Amino acid sequence: MNQLQLFAIRAIVGLVFAIMITRFFRPEAGVPYMIGLWVILVGLAYFTGYLRDRKEK
């Protein structure tokens, strides 16, 4: 799986979870809040992938 496919999967899953979390816990929050949460979730996905790869070496 190449890097673009991996990013697309992480971005789509992150967006779905950002929407769900925002609607469950902060229904009054706007789109900027949701986009910020999405960026954080995708960033955490890359960070945990980095930690996993570092641990395997």
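Source: prediction; values computed, not measured.

On the surface, a cluster of nonpolar side chains totalling about 1100 Å² of accessible area is made up of Met1, Ile9, Ile12, Val13, Val16, Phe17, Met20, Ile21, Phe24 and Phe25. With respect to the element layout, Met1 can be found in the segment before α1 (3–25). Taking relative accessible area as the criterion, Met1 reaches 72% and is therefore assigned exposed.

With that out of the way, let us pick up the packing of α1 against helix α2 (residues 31–56). Contact geometry for α1 and α2: axes closest at 8 Å, N-to-C directions at 130 degrees. As far as their axial angle goes, α2 and α1 are oblique. Pair α1 / α2 crosses with right-handed handedness. Between α1 and α2, the residues in contact are Leu6, Phe7, Arg10, Ala11, Gly14, Leu15, Phe17, Ala18, Ile19, Ile21, Thr22 and Arg23 and Tyr33, Met34, Leu37, Trp38, Leu41, Val42, Ala45, Tyr46 and Arg52, respectively.

Here Leu51 is to be found in helix α2. By relative accessible area, Leu51 is classed as partly exposed at 32%. Sequence spacing of Leu51 and Met1 is 50 residues, and the spatial spacing of their C-alpha atoms is 19 Å.

With that settled, the discussion passes to the environment of Ala29. Tracing the backbone shows Ala29 in the loop between α1 and α2. Here the alpha-carbon distance between Ala29 and Gly43, two residues 14 residues apart in the chain, equals 21 Å. Residues in contact with Ala29, not counting those within four places in the same chain, are Thr22 and Arg23.

Relative to the 33 Å expected for 23 residues at 1.5 Å per residue, α1 spans 32 Å between its end C-alpha atoms, a close match to the ideal helical length. Turning to α1, its buried residues number three or more, namely Arg10, Ala11, Gly14, Ala18 and Thr22. Those residues of α1 that are buried lie in contact with α2.

Cut-offs applied
Per chain, residues are indexed from 1 in the order of the written sequence. In view of the model being predicted, local features appear only for residues whose pLDDT reaches at least 70, and side-chain atom pairs are presented and counted only at 80 or more, with totals across whole chains, interfaces and linings using the full set of residues. Hydrogen atoms and water are omitted, and side-chain values are computed over all heavy atoms in the structure. Each patch is built from residues that are more than 30% exposed by relative accessible area and take part in no salt bridge. Like charges join if they lie within 9 Å; nonpolar side chains (Val, Leu, Ile, Met, Phe, Trp, Tyr) join within 5 Å. Accessible surface area values rest on a Shrake-Rupley calculation with a 1.4 Å probe, where residue burial reflects the displayed protein chains alone. Counted as salt bridges are all cases of a side-chain nitrogen of Lys or Arg within 4 Å of a carboxyl oxygen of Asp or Glu. Helical segments are the DSSP runs of H or I of at least four residues, strand segments are the runs of E of at least two, and each set is numbered from the N terminus. Exposure classes here rest on a 1.4 Å probe applied to the protein chains alone. A residue is buried below 20% of its type maximum, exposed above 50%, and partly exposed in between. An axis is simply a line fitted to the C-alpha atoms; with a helix, the fit covers only the stretch in contact. Between two such axes, the angle follows the N-to-C directions and lies from 0 to 180 degrees. Oblique is the label for any angle not covered by the other classes, which are roughly parallel (under 35 degrees), roughly antiparallel (over 145) and roughly perpendicular (65 to 115). By convention, the crossing between two helices is left-handed when the near helix turns anticlockwise from the far helix through less than a right angle, and right-handed when the turn is clockwise. The contact criterion used throughout is that any non-hydrogen atoms of two residues lie within 4.5 Å. Working rule for helices: expected span equals 1.5 Å times residues minus one.

Any functional reading would require information that these geometric values do not contain.
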